[in-house]
Amino acid sequence: MFIDHFKKSELTIDSDIPIVNPREPIVMFYQHQKQQKIIYARNHQKELITFADEAGTIRPHRNTHFVLAYVLHGKLTACIEQHPVFISQGMGYLIDPQIMTYEELADGTEVMFIDFSTEIAQMLCNELASIHNSLTVDYLRNHLMAAKHGKHGYLEYIATYPQENQPLKNILDSLQQELMTPRIAASLFQRGLIIRLFDQFTSPHIFHEKIVQLDGTHEQQIVNQIDSYILAYLGNVNRQQIAHELNYNADYLNRIFKQERHISIMSYARAIRLNQAKAFLINTQLTVNTIAEKLGFSSVNYFHEFFKTQTGLTPQLYRQTTQRKYKP
């Protein structure tokens, strides 16, 4: 039944593994967790085609295109070559062709996927390189030059500060409309929108880029899972939560994390939480109460105490100081 559903969206079978093989150079998919079932949807000639397996799960599959994933709502665990990666709202990842992957979505999660061909990838390299240096260009070039002989890995995108990115959503909406409504010069508009989309993902003031190699040691892979989990929850985690999620002993996880990163898990989580607080204070007009709530502090007083202990300043004074410092 799984295969019958996926045949509607150009899937083929190779060694019992479904392969997504879009006919077009650019294709958008949406994946949504609804009523304990995962539904895929794609835009094709003004029609919305959906498909899901009866068990509500997605088997591992490969792609002939590059795949950009971006979480619109909720949280998911992306299993990339059997390595779990924790991705939350506002985060994303990029994988190259033939990497095996599948997704496990939390309730209410919605994810956008854009599959694009190697021709589009080459165009992105040329255009983005003229704008600024980025790990995305390096990642695409490494695959295009080395193909199957290149290093096995993927690229993560982590929002510099977590809030709704309206310009990015506008680009996605425009791209969706262009793909659903074929018209004169549609391919040119689609390519222009893809460039604008990746300009967002490669802008350092909007996203952090992080290349993750899949050929590292087992311990390095676990450390990366810990890192992704902490980032996904903005540092509002504890060792027991991580140990439960990864199904490892908390002391063991802390030991290998410290060996690899030279910092304990909780010290790293506090640093991430502090950096997110600073980003909110510098880049938004959110109240201190709202920031404390977004970062999971039990009270604004606790947030004040945490922030002053780490920086020597109250949140309000830090905001005033940085605004004066960076004011043009």
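Residues numbered from 1 in each chain as written. Predicted model: local features only at pLDDT ≥ 70, side-chain atom pairs only at ≥ 80, totals over all residues. Heavy atoms only, no water.

**Q** Quick question: what am I supposed to make of the nonpolar core here?
**A** Nonpolar side chains tend toward joint burial in soluble globular proteins. With 78 residues, the main nonpolar core has Leu94, Ile114, Phe116 and Leu124 as its most contacted residues. Excluding residues within four positions of it along the chain, Ile114 makes contact with Ile26, Val27, Met28, Phe66, Val67, Leu68, Leu172, Leu175, Ile194 and Leu197. Membership of the second largest hydrophobic core comes to 14 residues, among which are Leu234, Leu274, Phe280 and Phe297. (Core = buried A, V, L, I, M, F, W, Y, C linked by side-chain atoms within 4.5 Å. Buried < 20%, exposed > 50% of the residue type's maximum accessible area, 1.4 Å probe, protein only. Contact = heavy atoms within 4.5 Å.)

**Q** Would you explain the packing of helix α6 (residues 218–232) against helix α7 (residues 239–246) in this entry?
**A** A packed helix pair is summarised by two numbers, namely the angle formed by the two axes and the spacing between the axes. Taken N-terminus to C-terminus, the directions of α6 and α7 make an angle of 125°; their axes are 11 Å apart at the nearest point. Considering their axes alone, α6 and α7 lie oblique with respect to each other. Classified by chirality, the crossing of α7 by α6 is right-handed. Packed against α6, whose contacting residues are Ile222, Gln225, Ile226, Tyr229 and Ile230, the element α7 presents Gln241, Ile242, Glu245 and Leu246 at the interface. Looking at the contact of α6 with α7 residue by residue, the classes come out as six nonpolar, two polar and one charged. (Axes fitted to C-alpha atoms, helices over the stretch in contact; angles between N-to-C directions. Helix = DSSP H or I, 4+ residues; strand = E, 2+ residues; numbered from the N terminus. Parallel < 35°, antiparallel > 145°, perpendicular 65-115°, else oblique. Left-handed = near helix turned anticlockwise from the far one by under 90°. Nonpolar A, V, L, I, M, F, W, Y, C, P; charged D, E, K, R; others polar.)

**Q** Would you take a moment to explain the sheet that holds strand β11 (residues 101–105) for this structure?
**A** Working definition: the strands of a sheet are paired by backbone hydrogen bonds and lie parallel or antiparallel to each other. Pairing is antiparallel in the open sheet, where three strands are placed in the order β9-β8-β11. Among the strands making up the open sheet, the edge pair consists of β9 (83–88) and β11. Taken over all neighbouring pairs, the strand axes of this sheet differ in orientation by 25° on average, direction set aside. As judged from the six bridges shared by strand β8 (residues 75–80) and β9, these two strands associate in the antiparallel manner. The residue bridging Lys75 from the neighbouring strand is Ser88, located in β9. Running at roughly 15° to β9, α6 makes contact with β8 and β9 of the sheet. (Pairing = 2+ DSSP bridges.)

**Q** Honestly, the pattern of salt bridges in this entry has me stumped. Any pointers?
**A** It is possible for side chains of opposite charge to pair when their charged atoms get near one another. The final tally for this structure, using the stated rule, is five salt bridges. Two residues, Asp227 and Arg261, come together in a salt bridge whose shortest N-O distance is 3.3 Å. Placement of the pair is Asp227 in helix α6 and Arg261 in helix α8 (residues 250–261), with a sequence separation of 34 residues. For Asp227, a relative accessible area of 4% puts it in the buried group. Accessibility expressed as a relative area gives 31% for Arg261, which makes it partly exposed. We note a salt bridge from Arg239 to Asp251, for which the minimum N-O separation is 3.0 Å. Of this pair, Arg239 sits in helix α7 while Asp251 sits in helix α8; the two residues are 12 residues apart in sequence, bridging distant segments of the chain. (Salt bridge = Lys/Arg side-chain N within 4 Å of Asp/Glu carboxyl O.)

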